[in-house]
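Examination of the molecular architecture
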Amino acid sequence: MKLGTRAKYTLRLMMGISRLTDNRPRVSLGDVSHHCGISRRYLDQLVVALKNADLLQGRSGRGGGYCLSRPAAEIRGGEIIEAAIGRITISECVAQPNTCMQAEFCQCRLLWRLIDRRINDVLDEYSLADLLDHRWPSTVKKELELIDEMDRRQATSVG
């Protein structure tokens, strides 16, 4: 499973709006398009889902544009991805067990559920404000380095 363009661009769109509205109340999609490198036509499609999920507010006319519906610190990464593509699931049987006759007894389904849960936990762990914080990349890099080191130690102790 991999995230598609829609999910990635929706997250970039939200980050762009948050950055650009730091010094003004609303921002046009034209400005966001220029800032994020995403076509205006595609942004038009993405904002519909974000407005429906109450993550964005829009206003038409003079002084119009888009802004976050609440502070960036209160918007979780999982909410943004879910607005774009729905809840992440690696197998249909996790979200809809009735699609599989083996769902009640399938040990693989337990693994799929666990994977789904962990992916969604990570997305929900971080807010939009976290992603915009200039210190966030170094924090995550350190965390990943620790994980990599633990993996290396485990591999050498097993081998």
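Residues numbered from 1 in each chain as written. Predicted model: local features only at pLDDT ≥ 70, side-chain atom pairs only at ≥ 80, totals over all residues. Heavy atoms only, no water.

**Some thoughts on the overall build of the protein chain**
When helices and strands are tallied, the protein chain shows eight helices and two strands. Reading the secondary structure of the protein chain in the N-to-C direction produces α-α-α-β-β-α-α-α-α-α. Its C-alpha atoms give the protein chain a radius of gyration of 19 Å, clearly above 15 Å, the size a compact globule of 159 residues would have. The principal-axis extents of the C-alpha atoms in the protein chain amount to approximately 65 × 40 × 25 Å. Counting every position in the protein chain, which comprises 159 residues, the buried fraction comes to 31%. A separation of at least 24 residues holds for 61% of the contacts in the protein chain among residues at least 6 apart in sequence. Summed over its atoms, the accessible surface of the protein chain is roughly 10,700 Å², and 51% of this surface lies on carbon and sulfur atoms. Positive and negative charge centroids in the protein chain, built from 24 and 20 side chains respectively, lie 7 Å apart. (Helix = DSSP H or I, 4+ residues; strand = E, 2+ residues; numbered from the N terminus. Rg over C-alpha atoms; globule rule 2.2 N^0.38 Å. Buried < 20%, exposed > 50% of the residue type's maximum accessible area, 1.4 Å probe, protein only. Contact = heavy atoms within 4.5 Å. Areas by Shrake-Rupley, 256 points an atom, 1.4 Å probe, with all protein chains shown as cover. Lys, Arg positive; Asp, Glu negative; His and termini not counted. Charge placed at Lys NZ, Arg CZ, Asp CG, Glu CD.)

**A closer look at the nonpolar core**
Within the largest apolar cluster, 25 residues are counted, with the highest numbers of intra-cluster contacts made by Leu13, Met14, Ile17, Val32, Leu56, Leu68 and Leu128. Elements represented by at least two residues in this core include exactly α1 (5-20), α2 (29-36), α3 (40-52), β2 (65-68), α4 (77-85) and α7 (128-132). Apart from residues lying up to four places away in sequence, Ile17 is in contact with Val27, Val32, Leu56, Tyr66, Cys67 and Leu68. (Core = buried A, V, L, I, M, F, W, Y, C linked by side-chain atoms within 4.5 Å.)

**Focus on the pattern of salt bridges**
With the rule as written, the count across this model stands at nine salt bridges. A salt bridge links Asp31 to Arg24; the nearest nitrogen and oxygen atoms lie 3.0 Å apart. The class of Arg24 is partly exposed, set by a relative accessible area of 32%. Of the charged contacts in the structure, one is a salt bridge between Arg70 and Glu79, with a shortest N-O distance of 2.4 Å. Here Glu79 falls in the partly exposed class, since its relative accessible area comes to 26%. The network of salt bridges with shared partners includes Glu82, Arg87 and Asp124. (Salt bridge = Lys/Arg side-chain N within 4 Å of Asp/Glu carboxyl O.)

**Focus on the packing of aromatic side chains**
All chains considered together, the criterion is met by two aromatic pairs. Summarising the aromatic geometry, the rings of Tyr126 and Trp136 are spaced 5.4 Å apart at their centres and angled 80° between planes, so their arrangement reads as edge-to-face. In this pair, Tyr126 sits in the loop between α6 (107-125) and α7 while Trp136 sits in helix α8 (residues 136-158), placing the two residues ten residues apart along the sequence. Take Trp136: its relative accessible area is 24%, and that puts it in the partly exposed class. (Phe/Tyr/Trp six-rings, centres within 6.5 Å; stacked < 30°, edge-to-face > 60°.)

**A few points about the side chain of Thr10**
Among the structural elements, Thr10 can be located in helix α1. Setting aside residues no more than four positions away along its own chain, Thr10 makes contact with Leu46, Leu50, Ile80 and Ala84.

**Re unusual backbone geometry**
Glycine aside, residues mostly have negative phi, and peptide bonds are mostly found in the trans state. In this structure, Asp54 takes a positive phi of about 60° despite not being glycine. Tracing the chain through its elements places Asp54 in the loop between α3 and β1 (56-59). Judged by relative accessible area, which is 54%, Asp54 ranks as exposed.

**What to know about the state of the cysteines**
Think of a disulfide as a covalent bridge from one cysteine sulfur atom to another cysteine sulfur atom. Per the counting criterion, the structure on display carries zero disulfides. No disulfide involves Cys36; its sulfur sits 16 Å from that of Cys67, the nearest cysteine. Here Cys67 falls in the buried class, since its relative accessible area comes to 10%. (Disulfide = S-S within 2.5 Å.)

Remember, this is a structural readout, not a statement about activity or role.
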